[in-house]
Amino acid sequence: MVFKSRIKWIALFVLILSMGSLIVHLSITKSSGVQLVFSARDNLWQDFDSLLGSQDFRNKHLWRPVRSLETLQPYANPRNTYPAPSSKNNGFIYAKIFGGFDKIRSSICDLVTISRLLNATLVIPELQESLRSKGISNKFKSFSYLYDEEQFISFLKNDVIVTKTLPESLKAARKRNEFPLFKPKNSASPKFYLEDVLPKLKKANVIGLIVSDGGCLQSILPASMPELQRLRCRVAFHALQLRSEIQVLGKKMVDRLRKSGQPFLAYHPGLVREKLAYHGCAELFQDIHSELIQYRRAQMIKQKIISEELIINSHLRRDNGLCPLMPEEVGILLRALGYSQKAIIYLAGSEMFGGQRVLIPLRAMFPNVVDRTNLCSTEELSDLVGPEIPLPENTYEMPPRKSDKQLKEEWNKAGPRPRPLPPPPDRPIYQHEKEGWYGWLTENDTEPSPSPMDLRNQAHRLLWDALDFVVSVEADVFFPGFNNDGSGWPEFSSLVMGQRLYERPSSRTYRLDRKVIQELFNVTREDMYHPNRNWTLRVRKHLNSSLGESGLIRQSMLSKPRSFLSHPLPECSCRTSALDDSRKIRSDDSRFLYGGEDECPKWIKSAGVEKSKTDDGDQPDYEHDLLTEQSETEEEFAKSKVASAFDQDEEWDPND
């Protein structure tokens, strides 16, 4: 009995120790988890050094400028005789602009150019996404919600007369719709404006333009109008300054990203529902997201925006480079290039179709993926928005339950996608499938009209895109997930690439060919996380070559015909040293694809010399780095693989 009693006491003692150990471990886990969430969401910039760990500059060449492009300098000043505008002109142009941040920016540049072409006074455009009727703060007007009005007016005084409103004598007539109204396409030619619009402007003294395609003037103008192209550059890169609050917060975000002393990469996925529907990329997603894309595609077919079939092979479209790279694919490309797991990646874009789920593989490969919510406090974002009138939150009301007979009848009558297809009768409808902003798909045939809160959130997206634009332009490296999409609409990545090409041509901006990338992925798609050496070298060769001359030529061929601001060369740049004629490349219509820039004036050359002196010594030649990478021996490659293996998280492969 005594022996059995001792065993019981020992067992009880062991059980108590086990419980105590478990409680201690749980408390440590809980406290560390709370601390991590707090630092990542609210005070990331204060603890950034500890989150990143030690600095890692083993691959410095991955962050340095492209030496072969350093002779390019921004130069958008008029070259020839350029008379100042006169107040005695042909009349006034007022405009309404529809669309998001990228469409607004491109449209404003076209409107200023048209005003110069027609010798007219431009009334500051109305941005329909940021009207006060959309619920924005009364502190702002439409244009001033994004941009600095005074800067816009004063900078363009030698180009176009800009006024805030129509004269009082003309406002009443506008309300009565007495003035001619035009809805030009983004491919409208100067001839259209000179022959069709100008006579009516002279007659009525006022015309209105409704701009909804992201522009109202063709991208490539006749060779006789280079000064109008330079005017576009002056508008986009100088006159259109974001309001001071946006610029200050954007600068703070850049400083917080660089506080650890490390460079950072900006990545814009381009996962936007409108673009995915236009190109037919629904099958790259799952479940409800596929249906949402298909529903929007059906709308676009009905509106005659596209003239294709509803159901198409999304994988074939992806192989042709017409769909965005998924975040998982981008992560694999960055690892193939040699970017460390500790690299800081800023995630740009106010819309991430597919949600956080599509980012899981990228975050597994690169834990330091951050966005504006990590870098800015709630108070900072609220101050940017300004004081707003409270609105009721969106609440979802459950519709009355349908009988089994109704469900079976609807299932039998349902046609092809897009849904709303009711679910199979034998399958239960879960609560989470009916709640949320997409719940209408299971019950209705039409997407509900946006609520007041939805309209306000759309206006807020303009501000989030503006912040992302500031950070992406200032980033050490920019990687686009979807540009040159062929839709003819401007998009965020292309505008960032154009701004970087103008301000800092030598900054590392990848201009990849998605079709080539998908061909490479198809070779190793079954085992993407463990590619062989030849595959890695082929990826490096393509991506590194896209940084320089070949990338610029491809951009000029594919992107510039649709959006001049995405590739403002050669009109808006100059060279500090002449380029050999043998390196200049023209298209079939004698347009310069590469080269063709004017020689820089002396004041730019002298400034460039001073800058190069400060940069010499720690900026090795990019071409030398590329040659060294490509001539890597088997032994060197093996060493780099071992080094990168130590650098990786043991669970970076979601398939393991």
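Residues numbered from 1 in each chain as written. Predicted model: local features only at pLDDT ≥ 70, side-chain atom pairs only at ≥ 80, totals over all residues. Heavy atoms only, no water.

## Some remarks on the overall build of the chain
1) Next: Tallying secondary structure elements over the chain gives 25 helices and 16 strands in all.
2) Next: Within the chain, the fraction of its 656 residues that count as buried is 50%.
3) Next: Across the chain, the fraction of contacts at a sequence separation of at least 24, relative to all contacts at a separation of at least 6, is 80%.
4) Next: As displayed, the chain has an accessible area near 32,400 Å², and 54% of this comes from carbon and sulfur atoms. (Helix = DSSP H or I, 4+ residues; strand = E, 2+ residues; numbered from the N terminus. Buried < 20%, exposed > 50% of the residue type's maximum accessible area, 1.4 Å probe, protein only. Contact = heavy atoms within 4.5 Å. Areas by Shrake-Rupley, 256 points an atom, 1.4 Å probe, with all protein chains shown as cover.)

## So, the state of the cysteines
1) Next: Counted according to the given criterion, the structure contains three disulfides.
2) Next: One disulfide bridge connects Cys233 with Cys572, the sulfur atoms lying 1.9 Å from each other. Looking down the S-S bond of the Cys233 and Cys572 bridge, the torsion is 90°, so its handedness is right-handed. Here the residue Cys233 occupies a position in helix H7 (residues 226-239), and Cys572 occupies one in the loop between helix H22 (549-558) and strand S13 (573-575), the gap between them amounting to 339 residues. Side by side, Cys233 and Cys572 carry an identical accessibility label, which is buried.
3) Next: Across the disulfide, Cys281 is cross-linked to Cys323 (sulfur-sulfur distance 2.0 Å). (Disulfide = S-S within 2.5 Å.)

## Focus: the packing of helix H3 (residues 101-118) against helix H6 (residues 190-204)
1) Next: Where H3 meets H6, the axes come as close as 10 Å, and the angle between the chain directions of the two elements is 65°. On the basis of the axis angle, H3 is roughly perpendicular to H6. Considering the relative orientation of H3 and H6, their crossing is right-handed. Touching Ile114, Leu117 and Leu118 of H3 are Pro190, Tyr193, Leu194, Val197, Leu198 and Leu201, all from H6.
2) Next: Grouping the amino acids of the contact of H3 with H6 by side-chain chemistry returns nine nonpolar, no polar and no charged. (Axes fitted to C-alpha atoms, helices over the stretch in contact; angles between N-to-C directions. Parallel < 35°, antiparallel > 145°, perpendicular 65-115°, else oblique. Left-handed = near helix turned anticlockwise from the far one by under 90°. Nonpolar A, V, L, I, M, F, W, Y, C, P; charged D, E, K, R; others polar.)

## Details of the nonpolar core
1) Next: Within the largest apolar cluster, 87 residues are counted, with the highest numbers of intra-cluster contacts made by Ile108, Leu146 and Phe152.
2) Next: Sort the elements by how many residues they give to this core and helix H18 (residues 452-474) lands first, with ten residues.
3) Next: Residues Leu265, Val330, Leu501 and Val539 belong to the second largest nonpolar core, which totals 61 residues. (Core = buried A, V, L, I, M, F, W, Y, C linked by side-chain atoms within 4.5 Å.)

## A short note on the sheet that holds S13
1) Next: Ordered in space as S1-S13-S16, the three strands form an open sheet in which the pairing is mixed. Among the strands making up the open sheet, the edge pair consists of strand S1 (72-74) and strand S16 (598-599).
2) Next: As paired strands, S1 and S13 are joined by three bridges and run antiparallel to one another. Its bridge partner being in S13, Gln73 is matched across the sheet by Cys574. (Pairing = 2+ DSSP bridges.)

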